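# Survey of secondary and tertiary structure
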Amino acid sequence: MKILLIGTGNVGRTLAARLMETAHEVKMITRDPESTKERPIKNVGTFKDWMDGYSGLELIAYTEISETPDIIINATNGNQSLNALEMMPAKIMEGSVLLDLSNGLDTSKGMPPSLTVCNDDSLGEQIQRAFPKTYVVKSLNTMNCEIMLDPSKVDGAHDVFMSGNKADAKSKVKSLLNSTGWKNENIIDLGDISTARGTEMLLPVWLRLWQHFGHANFNFKIVK
């Protein structure tokens with residue numbers, strides 16, 4: 001698949017690396033590619049040093065996007081997601097599938113953070129309202145980025161949730177997940193985009209489990 005990935009932080013880099021490993025075509029999006037390339041990355045050097053390890057991976061500016069991808073992935077900080085998506089060309093957003101894995105977290109009072117949106121709304125819904133002609137699918141937001149596109153990082157079967165209004169869009173995201181190791185029986189379609197309220201509100205539980213275990217190498221499994 002041709003993937004446009006918005007977000008060049010740890011989550012974006014982790015996903016880009018895995019997508020390249022599984023034979024997808026990836027373009028990472030940033031405001032200023034040259035500035036991003038110079039950004040230091042701990043134990044690596046610079047962003048460019050990291051990027052040089054993945055032949056074919058591209059880093060382009062929002063203004064350089066010219067081709068509609070199979071899927072757009074929003075891997076930005078949830079508190080900045082709407083602003084980042086607003087910079088996307090309207091002609092690219094219209095009719096595109098947007099896989100949103102962001103969470104709105106407020107760390108102003110320390111850890112663990114609280115949610116910036118919850119109960120009767122979700123960040124997934126806010127994005128869908130802001131871009132009504134884009135097909136938003138909320139998924140992968142209930143686990144660590146290392147696991148998102150590589151479920152083998154956790155032993156045994158475990159589950160990923162999905163929310164969205166359009167069946168075809170969810171099918172496309174499901175195909176992407178399949179290509180990275182997720183089995184159909186472990187992909188749970190919760191329903192329309194309003195069900196993203198549930199998965200986003202699962203984050204406080206996930207964060208406390210992270211504190212309890214001392215690591216993020218775990219995921220949820222629904223036992224029936």
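Residues numbered from 1 in each chain as written. Predicted model: local features only at pLDDT ≥ 70, side-chain atom pairs only at ≥ 80, totals over all residues. Heavy atoms only, no water.

Moving on: the nonpolar core. If you look at the biggest cluster of nonpolar residues, it comprises 37 residues, and the most contacted ones within it are Leu-5, Met-28, Trp-50, Ile-73, Leu-140 and Leu-177. With five residues, the single largest contributor to this core is helix α1 (residues 10–21). Once you skip the residues sitting within four places of it in the chain, Met-28 turns out to touch Leu-5, Gly-7, Thr-8, Gly-12, Arg-13, Ala-16, Phe-47, Trp-50, Leu-57, Glu-58, Leu-59 and Ile-60. (Core = buried A, V, L, I, M, F, W, Y, C linked by side-chain atoms within 4.5 Å. Buried < 20%, exposed > 50% of the residue type's maximum accessible area, 1.4 Å probe, protein only. Helix = DSSP H or I, 4+ residues; strand = E, 2+ residues; numbered from the N terminus. Contact = heavy atoms within 4.5 Å.)

Let us look at the sheet that holds strand β1 (residues 2–6). Pairing is mixed in the open sheet, where eight strands are placed in the order β5-β2-β1-β6-β7-β10-β11-β12. Each edge of the open sheet carries a strand with a single partner, namely β5 (58–61) and β12 (187–191). Shown here is a sheet whose adjacent strand axes are inclined to one another by a mean of 25°, direction ignored. Taken together, the four bridges between strand β2 (residues 25–30) and β5 define a ladder with parallel strand orientation. Paired with Lys-27 across the two strands is Glu-58, which belongs to β5. Along the sheet face, α1 touches β1, β2 and β6 (71–74) and points at about 160° away from the line of β2. Its contacts with the sheet put helix α6 (residues 123–130) on β6, β7 (97–100) and β10 (135–139), and the angle it makes with β10 is roughly 170°. (Pairing = 2+ DSSP bridges. Axes fitted to C-alpha atoms, helices over the stretch in contact; angles between N-to-C directions.)

Residues spaced three or four apart along an α-helix face the same direction, because each turn holds 3.6 residues. Of all the residues in helix α10 (residues 203–213), the buried ones are Leu-203, Trp-206 and Leu-207. Down the axis of α10, the buried side of the element spans an arc of 100°, and every buried residue falls inside it. Structurally, α10 contributes buried residues whose contacts are with β9 (114–115) and α9 (196–200). Looking one or two residues beyond α10, the residue adopting positive phi is Gly-214, at roughly 80°. (Arc of directions from axis to C-beta.)

For the coordinates displayed, the defined rule picks out 13 salt bridges. One salt bridge connects Lys-37 with Glu-34, and the closest N-O pair in it is separated by 3.6 Å. Here Glu-34 and Lys-37 lie together in helix α2 (residues 33–37), a separation of three residues that amounts to about one turn. A relative accessible area of 24% means that Lys-37 is categorised as partly exposed. Residue classification places Glu-34 among the partly exposed positions, given a relative accessible area of 48%. Bridged by salt links that share partners, the residues Arg-18, Glu-21, Glu-146, Asp-150 and Lys-153 form one connected network. (Salt bridge = Lys/Arg side-chain N within 4 Å of Asp/Glu carboxyl O.)

In this section: the packing of aromatic side chains. What the rule picks out here adds up to five aromatic pairs. Seen from their ring centres, Trp-50 and Tyr-54 are 5.3 Å apart, and the 50° between their planes marks the pair as tilted. Its relative accessible area of 24% is what places Tyr-54 among the partly exposed residues. Ring plane angle 45° and centroid distance 5.4 Å describe the contact between Trp-206 and Trp-210, whose orientation is recorded as tilted. Of the two residues, Trp-206 and Trp-210 are both situated in helix α10; the distance of four residues between them amounts to about one turn of the helix. The exposure class assigned to Trp-206 is buried, which follows from its relative accessible area of 8%. Three or more aromatic residues joined by ring pairs form one cluster here, namely Trp-206, Trp-210, Phe-213 and Phe-218. A cation over a ring is seen here: Lys-166 above Tyr-135, with NZ or CZ 5.0 Å from the ring centre. (Phe/Tyr/Trp six-rings, centres within 6.5 Å; stacked < 30°, edge-to-face > 60°. Lys NZ or Arg CZ within 6 Å of the ring centre and 35° of its normal.)

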